[in-house]
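Spelled out from the first residue to the last, the chains are:
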Amino acid sequence: WGLLEEPQYPFITFNLEIKQEIPLSEGTIPCGVIFGEAKINRSKEDGCTISDGVLKLKENVKIEVDLLGLSEGILQDIYQVGSFTLNPL
């Protein structure tokens, strides 16, 4: 099965593993996994098109969940870190 053939998938997702911090003008992108997602649209006029996608970084933050500090939990923060464009051939 091809991504743009039958069965028709309504979206595309992928992961990028960041092994080294990426410096930006506004800070840095830390090590971790960046998740990408975009919608796939089909019409008879335009054929198959892929919308602009978003890149998100999920960061796990440990928190203490009781007053004594005996239990901890993991809170997942999600940050949008960019966008991307794909063009089907």
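Preceding this paragraph is the structure being described.
The structure contained in this document is the topic of the report that follows.

### A short note on the overall build of the protein chain
And step 1. What the protein chain contains, in helices and strands, is 0 helices and 7 strands.
And step 2. Its helices and strands taken in sequence order, the protein chain reads β-β-β-β-β-β-β from the N to the C terminus.
And step 3. Within the protein chain, residue pairs in contact and separated by at least 24 positions form 37% of the contacts whose partners lie at least 6 positions apart.
And step 4. With the model as given, the accessible surface of the protein chain reaches about 7,200 Å², and the carbon-plus-sulfur share is 52%.

### Considerations on the pairing of strand 5 (residues 47–50)
In summary, the side chains of a regular strand alternate between the two faces of the sheet.
And step 1. Looking at chain direction, strand 4 (residues 32–43) and strand 5 are connected through 4 bridges and run antiparallel. Directly across from Arg42, in strand 5, lies its bridge partner Cys48.
And step 2. Two successive antiparallel strands, strand 4 and strand 5, enclose a turn made up of 3 residues.

### Some thoughts on the packing of aromatic side chains
And step 1. The full count for this structure, using the stated rule, is 1 aromatic pair.
And step 2. Aromatic side chains Phe14 and Phe84 sit 5.1 Å apart centroid to centroid with 70 degrees between the ring planes, which places their arrangement in the edge-to-face category. Here Phe14 is found in strand 1 (residues 11–18), whereas its partner Phe84 is found in strand 7 (residues 72–84), with 70 residues between them in sequence.
And step 3. The exposure class of Phe14 is partly exposed, given its relative accessible area of 25%.
And step 4. When the ring centre of Phe35 is taken as reference, the NZ or CZ atom of Lys58 above it lies at 4.5 Å.

### Things to note about the pattern of salt bridges
And step 1. Scanning the model with the defined rule gives 2 salt bridges in all.
And step 2. Here Lys19 and Glu17 are joined by a salt bridge, their closest N and O atoms 3.5 Å apart.
And step 3. In this structure, Lys62 engages Glu72 in a salt bridge whose closest nitrogen and oxygen atoms are separated by 3.9 Å. Of this pair, Lys62 sits in strand 6 (residues 53–64) while Glu72 sits in strand 7, and the two are 10 residues apart along the sequence.

### Structural notes on the pairing of strand 6
And step 1. Bridging between strand 4 and strand 6 involves 4 bridges; their strand directions are antiparallel. Each bridged residue has a counterpart across the sheet, and for Phe35 the counterpart in strand 6 is Lys56.
And step 2. Bridge count for strand 6 against strand 7 is 12 bridges, and the pairing is antiparallel. Each residue of the ladder has a partner; that of Glu64, found in strand 7, is Glu72.

Reading the values: the criteria
Residues numbered from 1 in each chain as written. Predicted model: local features only at pLDDT ≥ 70, side-chain atom pairs only at ≥ 80, totals over all residues. Heavy atoms only, no water. Helix = DSSP H or I, 4+ residues; strand = E, 2+ residues; numbered from the N terminus. Contact = heavy atoms within 4.5 Å. Areas by Shrake-Rupley, 256 points an atom, 1.4 Å probe, with all protein chains shown as cover. Pairing = 2+ DSSP bridges. Phe/Tyr/Trp six-rings, centres within 6.5 Å; stacked < 30°, edge-to-face > 60°. Buried < 20%, exposed > 50% of the residue type's maximum accessible area, 1.4 Å probe, protein only. Lys NZ or Arg CZ within 6 Å of the ring centre and 35° of its normal. Salt bridge = Lys/Arg side-chain N within 4 Å of Asp/Glu carboxyl O.

So far we have only geometry, and geometry alone does not tell us how the molecule works.
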